[in-house]
Structures are given as C-alpha cells and as structure tokens.
Amino acid sequence: MPGRKSFFRVAIPLLVVSTITACNTYQENSDGALLRGDSGSKKIALVFTGDQYADGGDYISGILDSNNTKASFFLTGNFYRDSCNRDLIIKLRDDGHYLGAHSDRHLLYCDWENRDSLLIDYYEFSYDINQNYREMMNFGIDISEAPYFMPPYEWYNERIVEWSSLKSLQLVSYTPGTLSHADYTVPSENSYRSTDEIFRSISDYEENAENGLNGFLLLMHIGTAPERTDKLYYRLDSLVSLLSGKGYEFVRVDSLLAEKMRVRSQMVQLNQMGYLKGEQKKALLVSSNKPAEDFYLLESGSNMEIERLLPARYSGKVWDYSKQYYYLDFTHIDTEGDYYIAGSKSGQISACFRISDTIYGSGTGKLLEFMRQQRCGYNPLLNIYCHQDDGRSMFGPMPDSSFVDCRGGWHDAGDQLKYLLTTSYATAHMLKAYELFPDIFSDRVDKSGRAGKNSLPDVIDEAKWGLDWIEKLHPHPDVLIHQVADDRDHMGWKMPDNDNSDYGWGPNSYRVAYYATGKPQGAGKYLSESDGMSNIAGRSAAAMALAAGIWSKNFGDSSYAEKSLSLAKSLYILGKKFEGVQQGNSYGAPYRYGEESWQDDMEWAAAELYGLTSDSVYLEDAIRYARLAAAKSWHGLDTAKHYQHYPFVNIGHHALYRHVNNEFRDTLAMYYRTGIEATLKKAVANPYNIGIPFIWCSNNLLTSLITQIILYEDMTGDLTYHNYLIDLRDWLFGRNPWSTSMFTSLPAYGEYPIDIHTSIWALTGIEVPGGLIDGPVYASIFNSLKGLHLSNPDEFSDFQNNYIVYHDDIGDYSTNEPTMDGTAGSMIMMAYFSSY
C-alpha cells in the first residue's frame, strides 16, 4: 500500500549466489559484501588501495616482481587520472596484477557515526562509479575485466552493496582481524598504529586464528601521507617471505573469490531515463525460471513501498528461449519522484529511475553537444582547425584535382568523411525540430559552438553550420558536390587536425571532393549505382526552404531568408533535372551509402517551397512525388541494403499535409499508418515490442519510426500507436537485452555506451554526451563484417543471443559507432518528450 514502510529492510544484491560446495566457507556480510575467500584454502589476496598518494608504488611493484607474486590494486579515478601515476599503472597492468575501481573522487558514502545514513544518492554514486571505470578504460581495463569493487574508505552499507549490484559489480572489502588497513595512520592521530604493531597483528592472527589467514583479503595502501615515515610497504618483502614459508599462495581477488562471484538469474529492464506522468510505464522482468517471489515498486531514498507489482507473463515469441519474460506495470503511478523495483526474496532490484515531466528537458542540448564534437573545419570541443585543405575535385566540370572550398560540415561518424547525403538530412531534421518545438531549445553557445549566448537557439547555430556547408557545395546552379573523402580515411585512430590519410597529395593534406553527376562513381574498383541526384538536391532544398521560413518568421532576417529561398529553388531545379539517386562513393571497400529512394526528398522540398511561395507548381509536384513515395520504405522488411531507404522517415508527408484537401490528407496519413502497421506485425516477435529489422544503424530506424508516429499523431490526433511509441523509446533508454541506453551519457547516472568507436574517445578519453550509436545488428551481419574484432571481453556475453548482438566495445564499428545523422535525426523525438 502506498506510504506503508517497506519490508525490504535488508536487501540481498541483484546477483544471486551460485552454488558453492559445502566444504568451502566464505565470509560475507548480511548486506552481501564479500570479505573473505575460502577459509579452508591457504590462499591470500594482497590488496592495495590508492587515491592521493602513490609513494610506495614502485617499491611494491618491485617486491611483487622479485617474489613472482600477483596482487590486487583498487584505485580511484583521481589516481588513474594523475599523469604521474601513468607509468606505474601500465606496469602493474602489464605485470598481470588486478586493477579495479575505488570510486572516482574518493567520496564518503555514508555517515561515520550513523552508517545507515547515506551522504549521496544513487545518481551521484552511479555517475561517480562510471567515471572511475572511464578512467580505467584509458588503460584498456574494461569493467568486465574488473567486476570487483572496493568502496572508498572501505565504508559502506547495504544500499551501497545494492547499488554496486546494479552496476554488475561485486562489492568487496578487507577481511577483519588484523591492523593491516591502519598503515595510513600518522603519529599525530589517536588511531595511529606503528608498522611493528601492524606486522605483529598479522603474524599473531595467522598463528592463533582457527583458519589463520586462509582466504584473506589483506588490505594495505599503495601510498601514505608524508608524515608517516614508517611505511608498512617497506616490510612487504618480509611479509611475503613469512607467509610463503607457512604455505600460503598469493592470488588476485578475482581468483580468490571466483567461486563466490554471483550470477544473474533474473533482471529488471526499464527506461533508465525515466517516465513522464500520464504515460504507459512498464518494466520487463527477465528470468531463467518462474519468479518465486513478489515484486514491489519502492521510493528511492526512503525505501517506502509504493505498490506490489504483479508479473504478467509474456507468452509470445522470444529471441532467447532459455529466458522467461514478465511485464511489471506501474502506469498509474504519477507521483513525481525517484523509484526502483525490488524482489521480496532474491533482493533483485532495478536501476533507479524518475517519474517527472522534466526528465527529457536536457536531452536536446546533449544531442547538440555531440553534433559540435563532429564539426569539421573548426572543432569547438577540441578548439582546433582541421581539414583546411578540403578539397580537390573529382568528376567536376573543371579538371580533376582542382581546388574547391569544401571546408566545414560535420565528420560523419567515428570516421572523418563528409557526405551531403547525411548532412542534408541532419540539417533539415534539426530545422524541422525547431519549427515544431521552438520553445524547447536554449541558447548556451555562440555560432562557433563555444560557450556564450548569441541570441540564437543552439539548434539553429548547429543547423546553420550545415546550411553554410550546403551552400559551399552548390556554388553554381548546375553544380553540386556530394562527398568529401572516402574510405582511404580509415587509417586507424587519428586526430582530425593530424589526418594521416593520403588521397594522392600527401597525408594531412587535400582530400578528394566528389561532384554529383547522376552516374555511377567510385575512385576504386567499387562503383556506386547512382542514376541522378534528386535525393541530395531535394533534401538540401528542403533544408534551405526551412531556413528561409525560420529566419524570416522567427528571426526577422529577410536577407538570409531570401538567400536561402534562392538556394532552395536552385537545388530543387537540379533535383527535377536529374531525377534519381546519388549514392556514396567508396575506394577500397564495398561498403557505401546505397540510397535508392529520392521521391520522398523531392516531395519534402516541394512542400516546403509551396508553403513559402504559394506557387501551385510546387504543390502539384509535391502531390505527384508523394504518390510516388507512398509508403515505400524499410517498414516490414527483414533486411535492407545499407541506407537503401534513407532517410528512414519521410518528413515530406507531414510537410505536405497542411497544404492539401481532406481526401489527400487521409491518403498521406494512410501512408504513415501503413508503415507503422508493418512494423507492428514484426513487433509481436519479441517481448520488447520492437518491430524493426536489425540491420546496420538499427537505432536510426528506431528513432525514425518514433518520429513517424509523432508526426502521424500531429497530423491526425490519432493516439492508436502511442504506447508503441513509448515501447520504442524505452528500448533506446535501457529496456533492452543489455540494459543500456543507446545514447552516450544519457542518462548520466545510468548505463550507456562508453567504449565507443571514435578517434576522439580512443585518443583523448573525452566522453561527449548525446551521440546515438548504431545499435544492435543481426548476429549474422556481425559475424560477416570485415576487420571487426572486439578489443575487450564481451561484458554483455551473458545477455547476447543468437539473433541480435550489441557490444560496448571500441572495436565494434557495426553496433557501437555513434553517427552524426542518427544523433541529429533524434532531435524531433527528444524535443517531443521535452515538450511535456
């Protein structure tokens, strides 16, 4: 009953204890923290923690080397970040020691006097732990390789153990009984213990305790304050010799506790970003067998029981037949606050989440942060100028290799290519998002993307970056450049201002600029199937037409509006003259953007131009192109070629809707409805209610489908598909087999892609929010791709299935590479949920 104090007072962690043989005895707190390995085995884990001090690091490393001994080091993000410690960390890693997390900033989690009193909330804890592991990844240490976590100050309570479980971490602490952990104390403190006293306590315990030091986690510090001159680590060689002589074997914590590591028998998957008031709210319980317990919705912080949740069995088709699926429905809960879901017996708990109408408010700003990371020419994130020699012409009206100014635009994804094919859509989509939701967007940066207001919403600054590049690519009425650079770009990780790719003019120099010709192209043996240029000309015209309307209506800038309108008309004429598609070009690999649709782009452009000019020719064209485009797209397909049906939503139908009579409005709505219904037929094949094909860039399909439903609702007022829309959104934010968001750093306190396939991450470790990753693919696609290998063990190995896969791994360019157009193409979706 709401408000009743929860029975859930002492929680057992999310990970259920695996079977242990009767002869093995482990010490474990009632709160689930592991304090000792098998007390029947003469094995010890030497454990060192570190935050501010590292003075003993080199000495400890040398002693361990000379004794051929492995140890475990739990280090804070502060420690990993400190450049003075870099060589030591690399040596410890390369020598085979366990390197783990100890919190990012060495926070005090709970009150010293009242251990049950938390000093942080889940979101601060989660963010801090995430940052610790991000610093570790700079040394190639993945969370899957370091699942044991030692809390700062070794001070925690049951909630910290539970929260660690949410991160798939096992909280460990030192084994009590000796004074080894007091080696940090200084003479001026009452708690000071001398090294002789500490050493003696270890020796005495080993001699007198029933099981000696069997299974011990013996804690020391890698460094101490300068005031402590009698360093315990100088006695490490004597300690190792003493205990070795008594038959003890020194092992890493993951070896000591391997049999005690827990395994998931069930998990709760939900939208970690949270839920809006008044909407459907459903979590998914995934279990190896029928749950033998009750589940409750509880208020985070107070642990107040809000409601008992009755698991409703999903009995349809599944991807993984070893699992059972149950819905936990709390739709009618609309009280603003933070919550989690807990099982009454196993202690199964979900990630914390919020119910509020403001949770998506920062989302559009995060997407724009990622877009600014992708800027070429001048990059505000890095404060560098790059690719200032773009580019040299190919297939143009002038001699090949002539210089043409193609500076600007956006790097396409983790690579540094630039396409009009994707830029035109990204620009137009952002402008349409602003047109639909103008009050959502804030002004925090200037036109260069640097901090500082300039009286323009940031989404307009970003769209203007794309508009300026489109203008450069169309310098004359009969000319359109469609691509800068090609797959010769793929030369490993590189900073954009030090691009080692060579297009025949030397590295970090000119790059090829391909002109649209409406004919097959390719600088190598792989030719495109181009037969026109209406797709890129039409989308570019739509972007320019949208700009003309916005700058005139919203900003009162008639001069820029007139220029944009003139460019829109010119581009539209070019699209009509060369009806067909201009595909992307490749050089040494068969992969390219193989778009085959163009009627939707010309419809969009014609509709926007008619809205500005009232010229009936545009309206007639728009209706003709709309009929040609109809509902043709990827909807309902099992597979498709890469970008075959790009863009993945036809915004032209929505743009045209307000200009036509009721009969044709019904036709346009039917086109949208037909596509949505086709995906719904696919959605019944899984408990997540996801009806897309898992081809490359599946997340782009998903955000586009969400956008189509949003536009359909705006056109018709029909909310038939609204709960389907919520299911699709919830997949993107964690209700999926991997329990992870598909946007970088969204939400910042949740699980989201970290080890993304980009040079910026690989070379700088800078984590930029808002990037939409490609998303899961069919296992058959993943297994067929060239040059793909995982850089780390698969942290999601327990959750993969034989149907679709996803890896948070920098080596997986098929599922974990964020894209510029996918991120921009999420703007309408994010603005929509921010508008509540």
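Residues numbered from 1 in each chain as written. Predicted model: local features only at pLDDT ≥ 70, side-chain atom pairs only at ≥ 80, totals over all residues. Heavy atoms only, no water.

Comments concerning the packing of helix H1 (residues 57-66) against helix H3 (residues 86-94)
No. 1: H3 packs onto H1 with a crossing angle of 20° between their chain directions and a minimal axis gap of 10 Å. Judged by the inter-axis angle, H1 sits roughly parallel to H3. In this structure, H1 crosses over H3, and the sense of that crossing is left-handed. Residue-level inspection shows Gly57, Asp58, Ser61 and Asp65 of H1 in contact with H3, the latter providing Leu88, Lys91 and Leu92. (Axes fitted to C-alpha atoms, helices over the stretch in contact; angles between N-to-C directions. Helix = DSSP H or I, 4+ residues; strand = E, 2+ residues; numbered from the N terminus. Parallel < 35°, antiparallel > 145°, perpendicular 65-115°, else oblique. Left-handed = near helix turned anticlockwise from the far one by under 90°. Contact = heavy atoms within 4.5 Å.)

Concerning the side chain of Gln272
No. 1: Summarising the element assignment, Gln272 is placed in the loop between strand S8 (266-269) and strand S9 (282-287).
No. 2: Classification of Gln272 by relative accessible area gives buried; the value is 6%.
No. 3: In terms of polar contacts, Gln272 uses its side chain to reach the backbone carbonyl oxygen of Ser739, at 2.9 Å.
No. 4: When residues no more than four places from it in sequence are discounted, the contact partners of Gln272 are Ala351, Cys352, Phe353, Phe733, Gly734, Ser739, Thr740, Pro747, Tyr749, Gly750 and Glu751. (Buried < 20%, exposed > 50% of the residue type's maximum accessible area, 1.4 Å probe, protein only. Polar contact = N/O pair within 3.5 Å; in protein donor to acceptor, adjacent residues only side chain to side chain.)

Focus on the sheet that holds strand S21 (residues 512-515)
No. 1: Ordered in space as S18-S21-S20-S19, the four strands form an open sheet in which the pairing is mixed. With one partner strand each, in any of the chains shown, strand S18 (392-394) and strand S19 (418-419) form the two edges of the open sheet. (Pairing = 2+ DSSP bridges.)

Some details on the confidence of the model for the protein chain
No. 1: Of all residues in the protein chain, 95% attain a pLDDT of 70 or more, and the chain-wide mean is 92.
No. 2: Confidence over residues 1-26 falls short of pLDDT 50; this stretch has 77 contacts with residues more than four positions distant or in other chains. (pLDDT = per-residue confidence, 0-100.)

A look at the packing of aromatic side chains
Aromatic ring pairs are defined here through the distance separating the ring centres and the angle between the ring planes.
No. 1: Tallying each qualifying case throughout the model produces 56 aromatic pairs.
No. 2: Ring centres of Tyr59 and Tyr233 lie 6.3 Å apart, and the angle between their planes is 45°; this geometry places the pair in the tilted category. Within this pair, whereas Tyr59 is found in helix H1, its partner Tyr233 is found in the loop between strand S6 (216-221) and helix H7 (236-245), the two being separated by 174 residues in sequence.
No. 3: On the basis of relative accessible area, Tyr233 is assigned to the buried category, the value being 4%.
No. 4: Consider the rings of Tyr378 and Tyr385, whose centres lie 4.9 Å apart with planes at 50°: the pair is tilted.
No. 5: Under the relative-accessibility criterion, Tyr378 is labelled buried at 7%.
No. 6: An aromatic cluster of at least three residues, connected via ring pairs, comprises Trp319, Tyr325, Tyr688, Phe694, Trp731, Trp738, Tyr778, Phe796, Tyr803 and Tyr806.
No. 7: It is Arg115 that lies over the ring of Trp155; its NZ or CZ is 4.0 Å from the centre.
No. 8: Note that Arg488 overlies the ring of Tyr587, its terminal NZ or CZ placed 3.9 Å from the centroid. (Phe/Tyr/Trp six-rings, centres within 6.5 Å; stacked < 30°, edge-to-face > 60°. Lys NZ or Arg CZ within 6 Å of the ring centre and 35° of its normal.)

Comments concerning helix H9 (residues 363-373)
Every α-helix winds through 3.6 residues per turn, so residues three or four apart in the chain are directed the same way.
No. 1: The element H9 is extensively covered by neighbouring structure, given that eight of its eleven residues are classed as buried.
No. 2: Buried within H9 are the following residues: Gly363, Thr364, Leu367, Leu368, Phe370, Met371, Arg372 and Gln373.
No. 3: Considering only its buried residues, H9 is in contact with strand S16 (378-379), helix H10 (420-436), helix H11 (458-473), helix H20 (759-764), helix H22 (820-824) and helix H23 (827-834).

Things to note about the pattern of salt bridges
No. 1: The full count for this structure, using the stated rule, is 44 salt bridges.
No. 2: Taking the shortest distance from any N to any O, the salt bridge between Arg81 and Asp104 comes out at 2.9 Å. Placement of Arg81 in helix H2 (residues 77-81) and of Asp104 in the loop between strand S3 (98-101) and helix H4 (122-137) is noted, with a sequence separation of 23 residues between them.
No. 3: Of the residues examined, Arg81 reaches a relative accessible area of 37% and is grouped as partly exposed.
No. 4: In this structure Asp104 comes out as buried when scored by relative accessible area, which is 5%.
No. 5: Lys323 is paired through a salt bridge with Asp320; the nearest N and O atoms lie 3.4 Å apart.
No. 6: Judged by its relative accessible area of 24%, Lys323 falls in the partly exposed class.
No. 7: Judged by its relative accessible area of 17%, Asp320 falls in the buried class. (Salt bridge = Lys/Arg side-chain N within 4 Å of Asp/Glu carboxyl O.)

Concerning the sheet that holds strand S13 (residues 324-329)
No. 1: In spatial order, the strands read S8-S9-S13-S12; together these four strands make up an open sheet with antiparallel pairing. The open sheet has two edge strands, S8 and strand S12 (312-313), and neither has a second partner.
No. 2: Alignment of S9 against S13, held across six bridges, turns out to be antiparallel. Residue pairing in the sheet places Leu284 in a bridge with Tyr327 of S13.

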